Amino acid sequence: MELAITLDHHSASPLHRQLYDELRRAILARRLKPGERVPSTRSFAASLKLSRATVTQSYEQLISEGYLQAAIGSGTKVCAQLPDDLLRTTPIKAMPGNAIKAATQKTHTPTIKLSQYGASLDNLLPLEAPEPESAINFKSGRPALEEFPMNEWRRLLLRHCRAGKADALDYATNLQGVPELRKAIADYLARSRAVRSTPEQVIIVNGSQQAIDLITKVLIDRGDTVAVENPGYLGARRVFVAQGAKLLPVPVDEDGIVVEALETKAASTSKLIYVTPSHQFPTGAVLPLARRLELIRWAESTGAVIVEDDYDSEFRYGSRPIPALQGLAESANVIYVGTFSKVLFPALRIGYIVVPDEMVRVFARARWLADRQTPTLEQLALTDFIVEGHLERHLRRMRTLYDGRRQALVRALKQYFDGCAEILGENAGMHLMVRLRTKLNDEEVVKHAAQAGVGVVSARIYYLGQVPANEFVLGYAGLSERQIREGVRRLAKALR
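Anyway, here's the lowdown on the structure attached to this text.

Conventions we followed
Residues numbered from 1 in each chain as written. Predicted model: local features only at pLDDT ≥ 70, side-chain atom pairs only at ≥ 80, totals over all residues. Heavy atoms only, no water. Helix = DSSP H or I, 4+ residues; strand = E, 2+ residues; numbered from the N terminus. Pairing = 2+ DSSP bridges. Contact = heavy atoms within 4.5 Å. Axes fitted to C-alpha atoms, helices over the stretch in contact; angles between N-to-C directions.

## Things to note about the environment of Thr173
Next, step 1: Inspection of the secondary structure assignment puts Thr173 in the loop between helix H7 (150-162) and helix H8 (179-193).
Next, step 2: Spatially, the C-alpha atom of Thr173 lies 16 Å from that of Ala370, the residues being 197 residues apart in sequence.

And the structure:
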């Protein structure tokens with residue numbers, strides 16, 4: 001049997017790959033028909049002036065993919081059913097016109113009824129603050145991605161890829177995450193945040209948003225009351241509402257959540273209270289030790305669970321961080337949430353929950369039902385990143401960098417706004433909140449800023465009830481000092 005095969009001996013593509021491609025095209029074009037025999041490897045190699053090993057390698061690839069089949073005594077043939085055919089749908093034969101008309105008269109498109117959860121999502125807009133599209137974007141929560149040690153991270157990923165262990169590619173055997181990573185996180189939290197936990201209490205999740213979602217599903221029933229900071233993190237509020245919870249807004253002042261406001265009958269029925277004590281979002285306030293202890297006493301007296309979201313406590317400039325609520329509480333009513341998405345990079349969807357011992361089993365099962373597991377390779381690489389000291393070195397560098405960028409933002413606001421910009425919050429985190437004195441409303445400020453190539457977000461979206469005017473959240477971590485100065489200059493000029 002003669003086959004017209006064209007091979008290029010000067011091509012960068014290997015000959016066995018070229019032969020594979022030519023044969024596959026011939027099969028799909030039906031030049032080689034289903035059930036037809038192909039030449040033996042010996043005769044084909046001789047006619048093409050190739051080594052028999054080259055032809056054999058091409059045949060084996062085609063056999064493994066289902067294009068050829070080899071049978072002892074009858075040679076190698078084209079498969080009767082090709083793999084590409086299985087991917088094509090079979091068109092339905094058209095019905096006569098009268099039949100189509102009759103069918104359409106008898107049937108109608110049913111209306112799909114959403115669940116209560118689905119309906120709540122349909123009405124939840126927006127899910128988060130709008131993303132400004134501007135040359136200089138003061139978006140909060142975006143780290144300095146260009147400063148991440150990518151070469152080190154690539155080396156750690158390659159280490160586990162080259163190890164050749166199939167376990168890293170398989171389903172996870174531990175519902176809570178890689179044990180080595182959980183130990184590394186527990187040790188790190190004990191050093192840096194005075195969190196009291198064992199590796200068994202740590203559950204790996206895909207970022208803090210999934211952590212909040214799991215906590216809500218495990219603890220909150222429809223109609224339960226959840227106390228939240230006002231203003232507060234929108235992502236958490238949206239999860240609580242979607243679960244059917246009733247939100248109880250608790251005011252925030254320059255020292256964080258006002259615990260005295262919880263001394264009401266409505267607050268006493270709260271099943272859960274969500275707080276960001278180390279750097280309140282969005283105001284930037286840091287909850288002092290006295291209020292932390294007061295909040296813990298209130299939760300113990302009412303039976304409410306405290307959810308402590310410690311989303312960027314690593315970045316505090318000029319003073320030592322106050323111990324986490326979880327480490328201060330003697331009872332087991334605090335669930336601690338953390339993430340590496342802001343510390344390292346957002347695409348690294350690895351966060352963690354530290355839960356009381358008696359709740360580990362149910363949270364591990366809820367985690368499995370949510371999406372089975374967090375990618376194992378990234379967990380292994382992150383374990384080495386922490387254990388070998390890369391994380392804390394990176395944090396030291398970022399503290400210095402972000403401190404400089406925050407100071408540049410404060411100086412620029414004072415210089416270009418000439419007393420018309422009040423800075424809120426403490427010297428911490430990756431953003432600050434500013435109150436502008438201007439005759440324009442929030443929408444006009446955002447519009448004028450965008451026209452000047454500057455992206456800013458109004459704080460209105462983070463409030464429940466009465467909303468103060470002209471408060472804005474400015475993220476500075478992902479911008480250079482030059483961009484920060486230029487952005488503030490443009491903003492001030494646009495608002496004059």
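What follows picks up the thread again.
## Points about unusual backbone geometry
Next, step 1: Omega for the bond connecting Asn230 with Pro231 falls within 30 degrees of zero, at 5°, which places this linkage in the cis form.
Next, step 2: The topology assignment puts Pro231 in the loop between strand E5 (225-230) and helix H10 (234-242).
Next, step 3: Here Phe281 and Pro282 are connected by a cis peptide whose omega angle stands at 10°.
Next, step 4: With respect to the helices and strands, the residue Pro282 is situated in the loop between strand E8 (270-275) and helix H12 (289-302).
Next, step 5: Positive phi, close to 75°, is recorded for Arg372, a residue that is not glycine.
Next, step 6: Residue position: Arg372 is located in the loop between helix H14 (360-371) and helix H15 (376-387).

## Concerning the sheet that holds strand E12 (residues 421-424)
Sheet strands pair by backbone hydrogen bonding; their relative direction is either parallel or antiparallel.
Next, step 1: The four strands lie next to each other as E12-E13-E16-E15, forming an open sheet whose pairing is antiparallel. Of all strands in the sheet, those with a lone pairing partner are E12 and strand E15 (457-458), marking the two edges.
Next, step 2: Pairing of strand E13 (residues 431-436) with strand E16 (residues 471-475) involves five bridges; the strand directions are antiparallel. Paired with Leu432 across the bridge in E16 is Leu474.
Next, step 3: Contacting E12, E13 and E16, helix H16 (residues 390-417) crosses the sheet at an angle of about 10° to E13.

## So, the sheet that holds strand E7 (residues 256-257)
Next, step 1: Strand order in the open sheet formed by eight strands is E4-E11-E10-E9-E8-E5-E6-E7, and the pairing between neighbours is mixed. Sheet topology places strand E4 (202-205) and E7 at the edges, where each strand pairs with a single neighbour.
Next, step 2: Here four bridges tie E4 to strand E11 (residues 351-354), and the two strands are oriented antiparallel to one another. Considered in E11, the bridge of Val202 is made with Val354.
Next, step 3: Sheet strands in contact with H8 are E4, strand E10 (334-339) and E11, and its direction is about 110° off that of E4.

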